[in-house]
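Below are the chains, spelled out letter by letter.
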Amino acid sequence: MMLDWQGAAGAVTHHPLFGIGVTLGAYQLALALYEKTRWIFLQPVLLSMLLVIGVLLACGIDYREYRSSTEILNILLGPATVALAVPLYLNLRRIRQLFWPILITLVLGGIFATGACVALGYGSAAPGRRSRPAPR
């Protein structure tokens, strides 16, 4: 009796719940690692994002398939984001006190993120040519 390991692995990785499991598992692992070390560079959201990207690349899953399998998480994050309005309102005085540091951080973070996107988007093109996004 011969077992089809590739077929079994493909069935598991392409199951609709695989993306949810990978996402939640990566976040829990990153959170545990951060709680243990308290290193600033091991922020759970950043580390879990890198872990999910690594798993998707290792398993050969494209982003469209991952996005469709984690659609329920996106639906549930909407109300959770709106629920953040209550603690923000309760801390409005403190936010006003820290307005300038918050604004400077957001502006510098936006500039850095934009620069990183431009560098990643156009860095692979040949000299003198601009790369185009892949057709959909």
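A brief look at the structure comes next. Residue numbering note: each chain is counted from 1, following its sequence as written. Residues qualify for local features only when their pLDDT is at least 70, as the model is predicted, and side-chain atom pairs are given and counted only at 80 or more; totals for whole chains, interfaces and linings, by contrast, use all residues. To obtain the side-chain values, all non-hydrogen atoms of the structure were included, while hydrogens and water were left out.

## Topic: unusual backbone geometry
Part 1 of the reasoning: Positive phi, close to 60°, is recorded for Arg-38, a residue that is not glycine.
Part 2 of the reasoning: Starting at the N terminus, helices and strands are each numbered in turn, a helix being any DSSP run of H or I of at least four residues and a strand any DSSP run of E of at least two. With respect to the element layout, Arg-38 can be found in the loop between helix H2 (18–37) and helix H3 (44–59).

## A few points about the side chain of Thr-23
Part 1 of the reasoning: Position of Thr-23 among the secondary structure elements: in helix H2.
Part 2 of the reasoning: Exposure categories follow from relative accessible area, calculated using a 1.4 Å probe and restricted to protein chains: below 20% of the type maximum is buried, above 50% is exposed, and the middle band is partly exposed. The class for Thr-23 is buried, based on a relative accessible area of 19%.
Part 3 of the reasoning: Polar contacts, as counted here, are pairs of nitrogen or oxygen atoms within 3.5 Å of one another; within protein the pair requires one atom able to donate a hydrogen and one able to accept it, and residues that are adjacent in sequence qualify only if both atoms are side-chain atoms. Side chain to side chain, Thr-23 and Tyr-66 meet in a polar contact 2.5 Å long.
Part 4 of the reasoning: Only heavy atoms matter for contacts: two residues are in contact if any of them lie within 4.5 Å across the pair. Excluding residues that lie within four positions of it along the chain, Thr-23 makes contacts with Val-52, Tyr-66, Thr-70 and Leu-73.

## Things to note about a nonpolar patch on the surface
Part 1 of the reasoning: Note on patches: the residues involved have over 30% relative accessible area and no salt bridge, like charges join within 9 Å, and the nonpolar side chains Val, Leu, Ile, Met, Phe, Trp and Tyr join within 5 Å. Each accessible area is a Shrake-Rupley result for a 1.4 Å probe, and residues are judged covered by the shown protein chains and nothing else. A pair is scored as a salt bridge if a Lys or Arg side-chain nitrogen falls within 4 Å of a carboxyl oxygen belonging to Asp or Glu. A grouping of Phe-99, Trp-100, Leu-103, Ile-104, Val-107, Leu-108 and Ile-111 is seen on the molecular surface, where their side chains present a nonpolar patch of about 720 Å² in accessible area.
Part 2 of the reasoning: You can see Phe-99 is positioned in helix H8 (residues 99–122).
Part 3 of the reasoning: With relative accessibility at 42%, the residue Phe-99 sits in the partly exposed group.

## Observations concerning the nonpolar core
Part 1 of the reasoning: In this structure, Phe-18, Val-22, Ala-26, Val-52, Leu-56, Ile-61 and Tyr-66 together form the largest nonpolar core, which totals seven residues.
Part 2 of the reasoning: Residue assignment for this core shows that the elements contributing at least two residues are H2 and H3.
Part 3 of the reasoning: Counting residues per element, this core draws most heavily on H2, which supplies three residues.
Part 4 of the reasoning: Sequence-distant contacts of Val-22, defined by excluding residues within four places in its chain, comprise Val-52 and Val-55. For this analysis, a nonpolar core means a set of buried residues of the types Ala, Val, Leu, Ile, Met, Phe, Trp, Tyr and Cys, connected via side-chain atoms within 4.5 Å.

## Focus: the packing of H2 against H3
Part 1 of the reasoning: Axes here refer to lines fitted to C-alpha atoms; in helices the fit is confined to the stretch in contact. Angles between the N-to-C directions go from 0 to 180 degrees. Running from N to C, H2 and H3 cross one another at 140°; their axes reach a closest spacing of 8 Å. Relative to H3, the element H2 lies oblique. Considering how the two elements wind past one another, H2 and H3 form a crossing that is right-handed. The residues of H3 that touch H2, namely those facing Phe-18, Val-22, Thr-23, Ala-26, Tyr-27, Leu-29, Ala-30, Leu-31, Leu-33 and Tyr-34, are Pro-44, Val-45, Leu-47, Ser-48, Leu-51, Val-52, Val-55 and Cys-59.
Part 2 of the reasoning: Any residue outside Ala, Val, Leu, Ile, Met, Phe, Trp, Tyr, Cys, Pro, Asp, Glu, Lys and Arg is labelled polar, Gly included; the first ten of those are nonpolar and the last four are charged. Among the residues making up the contact of H2 with H3, the classes are represented as 16 nonpolar, two polar and no charged. For this classification, under 35 degrees means roughly parallel, over 145 means roughly antiparallel, 65 to 115 means roughly perpendicular, and everything else is oblique. If you view the pair so one helix is near and one far, a crossing is left-handed when the near helix is turned anticlockwise from the far one by less than a right angle, and right-handed when it is turned clockwise.

## A look at the environment of Asp-62
Part 1 of the reasoning: By secondary structure assignment, the location of Asp-62 is in the loop between H3 and helix H4 (63–69).
Part 2 of the reasoning: Its relative accessible area of 43% is what places Asp-62 among the partly exposed residues.
Part 3 of the reasoning: Of note is the side chain of Asp-62, whose polar atom sits 3.3 Å from the backbone nitrogen of Glu-65.

## Section: H3
Part 1 of the reasoning: End to end, H3 covers 22 Å across 16 residues, agreeing with the expected 22 Å (1.5 Å per residue, within 8%).
Part 2 of the reasoning: Among the residues of H3, those classed as buried are Pro-44, Leu-47, Ser-48, Val-52 and Leu-56.
Part 3 of the reasoning: Along its buried surface, H3 packs onto H2 and H4.
Part 4 of the reasoning: Gly-60 occupies a position one or two residues after H3 and carries a positive phi of about 75°. Helices are assigned an expected span. That span is 1.5 Å times one less than the residue count.

## Some points on the environment of Ser-68
Part 1 of the reasoning: Relative to the elements of secondary structure, Ser-68 occurs in helix H4.
Part 2 of the reasoning: Ser-68 gets classed as exposed once you look at its relative accessible area, which sits at 52%.
Part 3 of the reasoning: With 52 residues separating them along the chain, Ser-68 and Pro-16 place their C-alpha atoms 7.9 Å apart.
Part 4 of the reasoning: A distance of 2.9 Å separates a polar side-chain atom of Ser-68 from the backbone oxygen of Glu-65.

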